[in-house]
Amino acid sequence: MSLVKLQGTPSCFVCGNENDNPRSLGLNIFWDNESRYTFISFIPDESWCGYEGMVHGGLLAAIIDDAMAWSIKASDDDIYVTGKLTISFRKEVRCGKKYVAHGFLERKEGRRAYTSAVIKDEEGNTCVEGGAIFIRVK
Ligand SMILES: CCCCCCCC/C=C\CCCCCCCC(=O)SCCNC(=O)CCNC(=O)[C@H](O)C(C)(C)COP(=O)(O)OP(=O)(O)OC[C@H]1O[C@@H](n2cnc3c(N)ncnc32)[C@H](O)[C@@H]1OP(=O)(O)O
């Protein structure tokens, strides 16, 4: 496995930088050309919570969305937007613990790109599963 750091989008809530977006989570996105997975590792802090100590599901959806978007972007210069996002929260994600999100491009059909993603904890348990249909913008 050889991970390459992707550039991110400066203004992005997930992968931006604090100069362009002070509210960005500022997460780094990596790409493995062998497995064709994206990798986003993160340790949520208390400001990410909904219920105390439990990370907000909407925020996890944003990370999953980005992990999948970059699995397309890693090999395609076209612009895609999220058309449909599905998500299953299998196990709670806790503040202060380490997690990794992976995104994967399953296939393309016409203007659609079908993707999947997971968030796992350090023990390898799947906490969140996601899927999306991205649409290539004309
Ligand atoms: C200096 C550095 C610069 C670097 C730059 C790097 C670039 C960045 C790269 C990577 C970063 C990624 C980080 C971001 C990640 C987050 C992404 C988001 O959150 S995006 C925001 C949320 N999404 C929206 O706001 C979409 C809003 N919706 C729309 O705009 C339209 O509805 C759109 C474009 C999706 C479709 O509209 P139509 O009019 O163009 O096309 P129609 O004819 O409706 O659909 C085209 C095909 O797509 C299917 N389709 C459309 N919507 C669908 C849906 N919801 N589910 C399934 N299929 C759908 C249709 O059935 C049709 O399929 P048939 O061609 O007939 O086979």
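Bear in mind that the values here come from a model prediction, so they are computed numbers and not experimental data.

Taken together, 15 residues lie around the ligand, and Q7, T82, G83, R111 and R112 are the ones closest in. Here a nitrogen atom of the ligand sits 2.8 Å away from a polar atom, N or O, in the main chain of G83. Residue R112 places a side-chain N or O atom 3.1 Å away from an oxygen atom belonging to the ligand. Those elements that provide at least two residues to the shell around the ligand are α1 (57-73), β4 (80-89) and β7 (126-136). Per-element tally for the shell around the ligand: the top contributor is α1, with five residues.

Turning our eyes to something else, we now look at the UniProt feature "domain: Thioesterase" (unreviewed entry) in the protein. If you check UniProt for "domain: Thioesterase" (unreviewed entry), the listed places come out as residues 53-127 in our numbering. Split by type, residues 53-127 is 23% helix and 44% strand. Its first and last C-alpha atoms lie 15 Å apart.

Time to look at α1. The end-to-end C-alpha distance of α1 is 24 Å, a good match for the 24 Å that 17 residues give at a rise of 1.5 Å each. Taken residue by residue, α1 has L59, L60, A61, I63, I64, D66, A67, M68, W70, S71 and I72 as its buried positions. For α1, the secondary structure elements touched by its buried residues are β2 (30-32), β3 (37-42), β4, β5 (99-109), β6 (112-121) and β7.

What counts, and where the lines are drawn
Residues numbered from 1 in each chain as written. Predicted model: local features only at pLDDT ≥ 70, side-chain atom pairs only at ≥ 80, totals over all residues. Heavy atoms only, no water. Near = heavy atom within 4 Å. Polar contact = N/O pair within 3.5 Å; in protein donor to acceptor, adjacent residues only side chain to side chain. Helix = DSSP H or I, 4+ residues; strand = E, 2+ residues; numbered from the N terminus. UniProt positions renumbered as here; feature names shortened; annotations may be inferred. Expected span 1.5 Å × (residues − 1). Buried < 20%, exposed > 50% of the residue type's maximum accessible area, 1.4 Å probe, protein only. Contact = heavy atoms within 4.5 Å.

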